[in-house]
Amino acid sequence: MDVMKTTSCGVLVLDPAGELLLCHATGSRYWDIPKGGVAGSEAGPQAAVREAREECGLRLEANELLDLGRFDYLRHKELLLYAVLMERFDTRQCVCVSTYVDRQGRVRPEMDAFRWAPFDDLQARCAPSLSSVLTGHLSLSSLLDDLLRAGKPKPAVFAFDATGKA
């Protein structure tokens, strides 16, 4: 029986030192990348840009993203991934404005912490399904080399201040 798959669009934010920006999923033991479903008639790059803005506060442009393709992720979900090379920034500048209601009825941010992680740490930090994509289906070292050859890292621009205001 075929399973209808949904698509989650995400962006890998790499720094020149070879680290990946991770977001800690509130209420989970795992770290993640900014990603989520397509809203309305959004194309993949626009969804990835919106998710980076909502979950990290990063302001990206769709034309800045390198298309990495589609990857099997979960039985019912695939990932459409993009990448961008950014100057390293202080992750305390990241702000998540995307929320959910937990089991106790509290409104909580989807992401509650941010960090730069060396590629070697991803298997220990990320859920097995994401780790498989990041370390098994992609070569992040090769991707970093390609991004460095393509041009200088982009400076980080944030959409919100520390309180979440634009």
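Above this text sits the structure in question.
Residues numbered from 1 in each chain as written. Predicted model: local features only at pLDDT ≥ 70, side-chain atom pairs only at ≥ 80, totals over all residues. Heavy atoms only, no water.

Examining the overall build of the protein
A tally of regular secondary structure across the protein gives four helices and nine strands. Sequence-ordered secondary structure for the protein, helices as α and strands as β, is β-β-β-β-α-β-β-β-β-β-α-α-α. The C-alpha atoms of the protein give 15 Å as radius of gyration, which agrees with the globular expectation for 166 residues (15 Å, within 12%). For the C-alpha atoms alone, the extent of the protein along its principal axes is close to 45 × 45 × 35 Å. (Helix = DSSP H or I, 4+ residues; strand = E, 2+ residues; numbered from the N terminus. Rg over C-alpha atoms; globule rule 2.2 N^0.38 Å.)

Observations regarding the packing of aromatic side chains
In the structure shown here, the tally under the stated rule is two aromatic pairs. Aromatic side chains Phe-89 and Trp-116 sit 5.1 Å apart centroid to centroid with 65 degrees between the ring planes, which places their arrangement in the edge-to-face category. Of this pair, Phe-89 sits in the loop between strand E6 (77-85) and strand E7 (99-101) while Trp-116 sits in strand E9 (residues 111-118), and the two are 27 residues apart along the sequence. Here Trp-116 falls in the buried class, since its relative accessible area comes to 7%. For the pair Phe-89 and Phe-158, a centre-to-centre distance of 5.2 Å together with 85 degrees between the ring planes defines the contact as edge-to-face. Of this pair, Phe-89 sits in the loop between E6 and E7 while Phe-158 is found in the segment after helix H4 (140-150), placing the two residues 69 residues apart along the sequence. Neither Phe-89 nor Phe-158 differs from the other in exposure class; each is buried. Aromatic ring contacts, followed pair by pair, group Phe-89, Trp-116 and Phe-158 into a single cluster. (Phe/Tyr/Trp six-rings, centres within 6.5 Å; stacked < 30°, edge-to-face > 60°. Buried < 20%, exposed > 50% of the residue type's maximum accessible area, 1.4 Å probe, protein only.)

A closer look at the pattern of salt bridges
In a structure, side chains of opposite charge can pair up when their charged atoms sit close to one another. In this structure the tally under the stated criterion is 12 salt bridges. Glu-78 is the partner of Arg-70 in a salt bridge, and the nearest nitrogen-oxygen pair spans 2.7 Å. Take Glu-78: its relative accessible area is 17%, and that puts it in the buried class. With a shortest N-O distance of 2.7 Å, Arg-92 and Asp-90 are connected by a salt bridge. One network of salt bridges, in which partners are shared, links Glu-42, Arg-50, Glu-51 and Glu-54. (Salt bridge = Lys/Arg side-chain N within 4 Å of Asp/Glu carboxyl O.)

Focus on helix H1 (residues 44-56)
Taking 1.5 Å of rise per residue, the 13 residues of H1 would be expected to cover 18 Å, and the 18 Å separating its terminal C-alpha atoms lies within 8% of that figure. All buried positions along H1 are accounted for by Gly-44, Ala-47, Ala-48, Val-49, Arg-50, Glu-51, Ala-52, Glu-55 and Cys-56. Along its buried surface, H1 packs onto strand E1 (6-15), strand E2 (19-25), strand E4 (35-37), E6 and E9. Where H1 terminates, the next one or two residues include Gly-57, which has phi positive at roughly 85 degrees. (Expected span 1.5 Å × (residues − 1). Contact = heavy atoms within 4.5 Å.)

Considerations on the environment of Arg-103
Along the chain, Arg-103 turns up in the loop between E7 and strand E8 (107-109). Sequence separation between Arg-103 and Gly-57 is 46 residues, and the spatial gap between their C-alpha atoms is 26 Å.

Points about the environment of Ala-124
Here Ala-124 shows up in helix H2 (residues 122-125). Residue class for Ala-124 comes out exposed when judged on its relative accessible area of 73%. Separated by 94 residues in sequence, Ala-124 and Tyr-30 place their C-alpha atoms 8.8 Å apart.

Digging into the side chain of Ser-98
Structurally, Ser-98 can be placed in the loop between E6 and E7. The contacts of Ser-98, once residues within four sequence positions are left out, are Glu-54, Glu-55, Arg-108, Pro-109 and Glu-110.

Observations concerning the pairing of E2
Among the seven residues of E2, seven are classified as buried, and the element is accordingly described as predominantly covered. By the alternation rule, side chains of E2 split into Glu-19, Leu-21, Cys-23 and Ala-25 and Leu-20, Leu-22 and His-24, which are all buried. Inspection of the sheet shows E1 paired to E2 by two bridges, in the antiparallel sense. Bridge pairing in E2 links Leu-14 to Leu-20. Remark: three residues form the turn of the hairpin made by E1 and E2, two consecutive strands paired antiparallel; Gly-18 in that turn has positive phi of roughly 90 degrees. Pairing between E2 and E9: seven bridges, direction antiparallel. If you follow Leu-20 over to E9, its bridge partner there is Ala-117. Counted along the chain from E2 to the antiparallel partner strand E3 (residues 31-32), the turn is five residues long, and its residue Gly-27 has a positive phi close to 80 degrees. (Pairing = 2+ DSSP bridges.)

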